[in-house]
Amino acid sequence: MQIKIKNPLLHWYNNNKRTLPFRETKDPYKIWVSEVMLQQTQVKTVIPFYNRWVKEYPTLKSAADASLDKLLKLWEGLGYYGRCRNFHKALKIVEEKYEGEIPNNFDEFLNLPGVGEYTAGAVLSIAYQKCIPAIDGNVTRVMARILGIKNLTTKNQKRLKRNVQKLIPTIDPGNFNQGLMELGALICIPINPACEICPLSNLCKAYKYKEPALYPHKKKKKVKPHYTVVAGIIWRDDKFFIQQRDENAMLGGLWEFPGGKVENGESLEDALSREIKEECNIVPIIKKKVGSVKHSYSHFSISFHCFHCIENGQTINHSNRRTWITLNEIGSFTFPKANHKIFSLINETELHV
Ligand code: SF4
């Protein structure tokens, strides 16, 4: 089975792989950057972010020594900011504990913040030619179809992993892993796989059973909860107040307006006053509504209502995680996408609140 899969897969991969900037490098650090960015994000989205990152931080040391604020700014818009925070922590560990050399031992690499089995397998097989599987969603689908696995039970996932482990060759393991991923991305796609041009069709059970798209069964998507969220743009002359989120929270390290979730039965204005009192210890004067936007995160979605406000005699205490900025300074801070949607609603005439 190994030769039967390996040879046609590698041949197909070498002739059909997409030209991607992170496939042009052998630098383990740059390969690692790309794999962190590719987690839960499409290739076409990642490319400009990857190019900007390696231009700004061409070496592991340069990124490890950078401030988290700078890295988050570069990551702005890519989402899942925990990846960036963990990557920064991991780079610092590599710099301090491993003298800047990414460990090529699976367990040591896996121990770094944010590194899971997939990332460890991908980086070590591609950068160091280690014979370790890298099983992402694409590989799971391809292998489930080849093996005729319909239900991805824990037992079947272990079976799938054992099979990839047996199949991965000692020569070219990186290309083998990338070949499976690329086949899943280009040919063995979730709906209407292109079996007629697939290099593995003669080995594929799902193809033989004539219903490849039914393999594996898709899990039903959970309905995302939806929340109503309010925020205040508190003005002091031509500046408004922003605060930095706790590093360990969702969107940690990003800057935002004060605000939060509206509770059941609460009006938007009451919720805003309560949240600003809790976060800034002042009761604001709410002037007028900036607007509302909708935004979807991975596990929930929000309706985001934003109001222009001013201080009511009391002033907001200062700290290094709180500041006042003008609209021209937005570009110097990293904000969640929902805040950028609000920025686009603010127009100059509304500034004089
Ligand atoms: S034959 Fe079809 S279902 Fe099987 S691996 Fe190839 S594309 Fe996927």
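This is a predicted model, so every value here is computed, not measured.

**Examining the nonpolar core**
- Counting 88 residues, the largest nonpolar core has V33, V123, V139 and C306 as its most contacted members.
- When we break this core down by domain, the ones giving at least three residues each are domain 1 (2-214) and domain 2 (226-350).
- V123 has contacts with P28, I31, W32 and E35, leaving out every residue within four places of it along the chain.

**A short note on helix α5 (residues 68-75)**
- For α5, the set of buried residues is L71, L72 and W75. Along the long axis of α5, the arc covered by the buried residues comes to 100°, so they all point the same way.
- For α5, the secondary structure elements touched by its buried residues are α4 (60-65) and α6 (82-97).
- Downstream of α5 by a residue or two, G77 has a phi angle that is positive, lying close to 100°.

**Thoughts on helix α11 (residues 173-186)**
- Taking 1.5 Å per residue, 14 residues should reach 20 Å; α11 reaches 20 Å between its end C-alpha atoms and fits that length.
- By the criterion of burial, α11 is predominantly enclosed, with 12 of the 14 residues buried.
- The complete set of buried residues in α11 reads P173, G174, N175, F176, N177, Q178, G179, L180, M181, E182, L183 and G184.

**Description of the site of the ligand**
- As a matter of local geometry, the ligand sits amid 14 residues, with C188, C195, C198, C204 and P212 nearest to it.
- Elements supplying a minimum of two residues to the shell around the ligand: α9 (137-147) and α12 (205-208).
- In the shell around the ligand, the residues fall into 12 nonpolar, one polar and one charged.

**Some details on the environment of I330**
- Residue placement: I330 occurs in the loop between β7 (322-325) and α14 (337-343).
- I330 gets classed as partly exposed once you count the C-beta atoms within 10 Å, which come to 16.
- Between the alpha carbons of I330 and F106 there is a distance of 41 Å; along the sequence they are 224 residues apart.

**Focus on the pairing of strand β2 (residues 239-244)**
- Inspection of the sheet shows strand β1 (residues 226-236) paired to β2 by two bridges, in the antiparallel sense. Along β2, the bridge assignment pairs R236 with K239.
- Hairpin connection, β1 to β2: the antiparallel pair is bridged by two residues, and D237 has positive phi, about 55°.
- Strand direction decides the pairing type here: β2 and β7, joined by four bridges, are antiparallel. From the neighbouring strand, F240 faces β7, where its bridge partner is I325.
- For β2 and strand β3 (residues 255-256), the ladder comprises two bridges, and the chain directions are antiparallel.

**Some remarks on the environment of W324**
- Within the secondary structure layout, W324 lies in strand β7.
- Here W324 falls in the partly exposed class, since 16 other C-beta atoms lie within 10 Å of it.
- Expressed as a C-alpha distance, the spacing of W324 and R236, which sit 88 residues apart in the sequence, is 8.1 Å.

**With respect to unusual backbone geometry**
- That bond from Y215 to P216 is cis: its omega, -20°, falls within 30 degrees of zero.
- Locating P216 in the fold gives a position in the loop between α12 and β1.
- Here the phi dihedral of E99 falls at roughly 50°; this positive angle occurs in a residue that is not glycine.
- With respect to the helices, strands and loops of the structure, E99 is situated in the loop between α6 and α7 (106-110).
- A residue is classified by how many C-beta atoms lie within 10 Å of it, and E99, with 7 of them, is exposed.

**What to know about the packing of α9 against helix α10 (residues 154-167)**
- For the pair α9 and α10, interaxial distance at closest approach is 10 Å and the crossing angle is 95°. As judged from the angle between their axes, α9 and α10 are roughly perpendicular. Residues V139, T140, M143, A144 and L147 of α9 lie in contact with α10, whose contacting residues are L160, N163 and V164.
- Broken down by class, the residue content of the contact of α9 with α10 amounts to six nonpolar, two polar and no charged.

The rules behind these values
Residues numbered from 1 in each chain as written. Predicted model: local features only at pLDDT ≥ 70, side-chain atom pairs only at ≥ 80, totals over all residues. Core = buried A, V, L, I, M, F, W, Y, C linked by C-beta atoms within 7 Å. Buried ≥ 20, exposed ≤ 12 C-beta atoms within 10 Å, placed from the backbone. Domains from an automatic or database assignment. Contact = placed C-beta atoms within 7 Å. Helix = DSSP H or I, 4+ residues; strand = E, 2+ residues; numbered from the N terminus. Arc of directions from axis to C-beta. Expected span 1.5 Å × (residues − 1). Near = placed C-beta within 6 Å. Nonpolar A, V, L, I, M, F, W, Y, C, P; charged D, E, K, R; others polar. Pairing = 2+ DSSP bridges. Axes fitted to C-alpha atoms, helices over the stretch in contact; angles between N-to-C directions. Parallel < 35°, antiparallel > 145°, perpendicular 65-115°, else oblique.

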